[in-house]
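Understanding the architecture of this molecule
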Amino acid sequence: MKKIPNLSKIASRVDMDQLQKPIFSRLNKDIPASIVVFLVALPLCLGIALASGAPLLSGLISGIVGGIVIGSVSHSSVSVSGPAASLTAVVLSSIASLGSFEVFLMAVVLGGIFQFTLGILKAGLIADYMPSNIIKGLLAAIGIILIIAQIPYALGIDANAENNFLPQVNFFNQIGTVFTGFYNSLTAGALVVSAISLTIMIAWDKTPLKNFKLLPPALVVVLLGVLLNVIFEYAFPSLHLDTAQLVNIPKIESFSQLVTFPDFSSITNPKVWGVAITITLIASIASLLAIEAADEIDPHKRNTPPNRELVAQGIGNTVTGLIGGIPITSVIVRSSVNINAGAETKLSAILHGIFLLLSVLFLSSILNLIPLSSLAAILLVIGYKLASWDVVTAMFKKGWNQFIPFVVTIIAIIYTDLLIGIFIGTLVSIFFLLRSNYHNAFFVENTKIFKGETIRLELSNEVSFFNKASIKNTLWNVPDESTVIIDATFASYIDNDVLEIFEDFQNTFAKEHNINLSILGLKEKYALGEDLEFVQEELQEVKEKSTPTEIFDYLQEGNQRYVDGKLVSRRLRNKELMDFINAPPLAAIVNCIDMREPLNVLMNTGIGDLIPIRTAGNLADDQVIKSLEVACLNQGAKLILFMGNSSNRIYAEALKNYKEGRNSYLLPLIVEALEANIITQAEISLEELSNLADVITKWNLKKSKSVVLKESEFLRKEILEGRIGMASAFFNRSNGKIEFSNLHQVKKKTIIAPNK
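Residues numbered from 1 in each chain as written. Predicted model: local features only at pLDDT ≥ 70, side-chain atom pairs only at ≥ 80, totals over all residues. Heavy atoms only, no water.

On to the pattern of salt bridges. Scanning the model with the defined rule gives 10 salt bridges in all. In this structure, the salt-bridge partner of Glu-672 is Lys-703, at a minimum N-O distance of 3.7 Å. Linking Glu-672 in helix 27 (residues 671-675) with Lys-703 in helix 28 (residues 689-711), this pair joins segments that are 31 residues apart in sequence. The partly exposed category is assigned to Glu-672, whose relative accessible area is 34%. Its relative accessible area of 27% is what places Lys-703 among the partly exposed residues. (Salt bridge = Lys/Arg side-chain N within 4 Å of Asp/Glu carboxyl O. Helix = DSSP H or I, 4+ residues; strand = E, 2+ residues; numbered from the N terminus. Buried < 20%, exposed > 50% of the residue type's maximum accessible area, 1.4 Å probe, protein only.)

So, about the packing of helix 16 (residues 389-397) against helix 17 (residues 400-415). Remark: helix 16 packs on helix 17, axes separated minimally by 6 Å, with the N-to-C direction vectors making an angle of 140°. Of the possible angle classes, the one that applies to helix 16 and helix 17 is oblique. Residues Val-391, Val-392, Met-395 and Phe-396 of helix 16 touch helix 17, and the partners they reach there are Trp-400, Gln-402, Phe-403 and Phe-406. Of the residues assigned to the contact of helix 16 with helix 17, the class counts are seven nonpolar, one polar and no charged. (Axes fitted to C-alpha atoms, helices over the stretch in contact; angles between N-to-C directions. Parallel < 35°, antiparallel > 145°, perpendicular 65-115°, else oblique. Contact = heavy atoms within 4.5 Å. Nonpolar A, V, L, I, M, F, W, Y, C, P; charged D, E, K, R; others polar.)

To continue, consider the packing of aromatic side chains. Two numbers describe a pair of aromatic rings. These are the distance of the centres and the angle of the planes. Throughout the structure, instances matching the rule amount to 11 aromatic pairs. Every member of this aromatic cluster is reached through a ring pair, and the members are Phe-396, Trp-400, Phe-403 and Phe-406. One residue, Lys-698, lies across the ring of Phe-730, its end atom 4.6 Å from the ring centre. (Phe/Tyr/Trp six-rings, centres within 6.5 Å; stacked < 30°, edge-to-face > 60°. Lys NZ or Arg CZ within 6 Å of the ring centre and 35° of its normal.)

All right, on to helix 6 (residues 132-155) then. One turn of an α-helix holds 3.6 residues; hence residues three or four places apart share an orientation. Between its first and last C-alpha atoms helix 6 spans 35 Å; for 24 residues at 1.5 Å apiece the expected length is 34 Å, and the two agree. Remark: the principal bend of helix 6, roughly 30°, maps to Ala-149, with a proline, Pro-152, within the next four residues. For helix 6, a buried count of 19 out of 24 residues is recorded, marking the element as mostly surrounded by other parts of the structure. At the C-terminal side of helix 6, Gly-156 shows a positive phi close to 75°. (Expected span 1.5 Å × (residues − 1). Bend = angle between axes of the 7 residues up to and from the residue.)

Below, the discussion takes up helix 8 (residues 188-203). Relative to the 22 Å expected for 16 residues at 1.5 Å per residue, helix 8 spans 23 Å between its end C-alpha atoms, a close match to the ideal helical length. Turning to helix 8, its buried residues are Gly-189, Ala-190, Val-193, Ser-194, Ser-197, Ile-200 and Met-201. Buried residues of helix 8, viewed axially, fall in a sector of 135°; they line one side. Those residues of helix 8 that are buried are in contact with helix 6, helix 9 (217-235) and helix 15 (372-386). (Arc of directions from axis to C-beta.)

Next up, the structure:
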């Protein structure tokens, strides 16, 4: 049984694994994917720049920096960064309020520096608290918006290329555009290209063509779209698509046309700093959400470190502001395209940035041949995958507390915008979280074992401020003259407000209503964010493979958790209980009937992990040995543990009778120790009976191990050959600590290496 390290360390290791994987190791997948992403990103960069009221080239500059700079610094394998539609309103209003684009660029530079600082300060942890149903709702909303936004271009309704492929549009206006367009002339050529492109995209994975990994369907669709339009021009002129329905990249005559520098003199303008802070907040949240969403749909489920992503985004925004680009974020649409195109490493994102740069400098005339309807078909399929019926039904099956925030997020994003929609969805999700936490902080058990009514309130692993109301409501409704036990044994953290409730209940309400209150396992101080140790609950298959040493270490670790107050709860449902019972036990424990403390709690084991064999004293006789043989041979236990306990009352009574010279039925339990002169009659003091009992206990533990090796041929052989372990342990009742002896040493065989 092995310890699972802190989750943040796991994330770091996953990240390191990504770093160690060469980015040039998947060229056959990354190069085609980068071409597809480039082709989709190209019109996105132009459209977002136009919607932001910025020069068209500023969008392309942001795409180039997002690909090359952020792609190189980020540790994400699949995320693609560039100009984001979620910032279009901010950019548009900021340019107007600041008076010039150059002044606005100064705000972008400052925003990038602020983002970099947030990453260094490890502020990226906010991404870890975003509910998965909100992320899935975000993805589904983006999918729906994509579908609605691309329909006009797929049908050839809107010939105005200036609004191409904006992922954030007014949903209802866009629907109106679609239906109004039917009263206008449709473009037959666009319809043909879209229909063929959609057929290829949908049918590709159902044909042998899917085996051609170097040729993704999206790239085939783009190439075929260009070819079809060339054929239309000469064979079917009525179907030919004009320049308004093709990609349109402005031609760069000189380098000075490409770069715009910020107005550094505006750094003292308070408005610039205000815009910079706004950009920092929105861009950071949007990027963190985007990488969470990208990791969600990544086939390999790789983990992107959020703090590193903030550093990368900060560097990218600083650079783009210095050379004339609009703000950058990690973008869900481009990341989705990247993943669906088969990208494996971040080389795809870097190459797409290089292609954008080359296209601006050299290839504008060639890229301007691509039909917008071909790109629309690609995005229609991607949109459907993000918002498919399977996604909706899967969320519905998870229950209303997951499904309602999911639906609200979709509707809110579509009706408003990305950030406002996420905020609304998160509020709804928090409501359901509070509602579920109202009852989940504790388990109430009402028993009649003792005189009167006994109510036992067992606290869960973490008890937060959100649980305050439910705990107070429960305690203040306890009947008068009841016995209340508050069990905090399993709680690793209890909020201070909850502790104050316990104090008020104990000092006031319980006294006034004659309630007998006991509080168990409460620590003096609870520190938020303590590193917890997670124990892997392994059943039949792994238990069978566990070695005696692993089991021995597991029991020691379990006792340490008991001492530290970090127990793993073992409350199980019926099915889980049957799994534990059917799995083989870990160890057979021989202990005295004087010890009534639950072994599975003291060593924090699961139900069925231990076989307790109780005796009067800790001595191994024929019946105990036979029971141990059955436990190991028939049940599958791999460890024998003889356990004693401090202040053994049975041994203490036996010693007292021996000291006073009285015959006692308990004398056989200590006679061998006395004959071995462990304690003489003269040394026995009635005041020290408890300590002397400990001496007898420890001697009997050693004696029992030697008896097993002497009397059982089967156990002796298994122990000496290392298939079964044997040890002793002593439980100290004063502090809960179990002192374990070393495992019985296995005979070492000399192995002679063969001559080479």
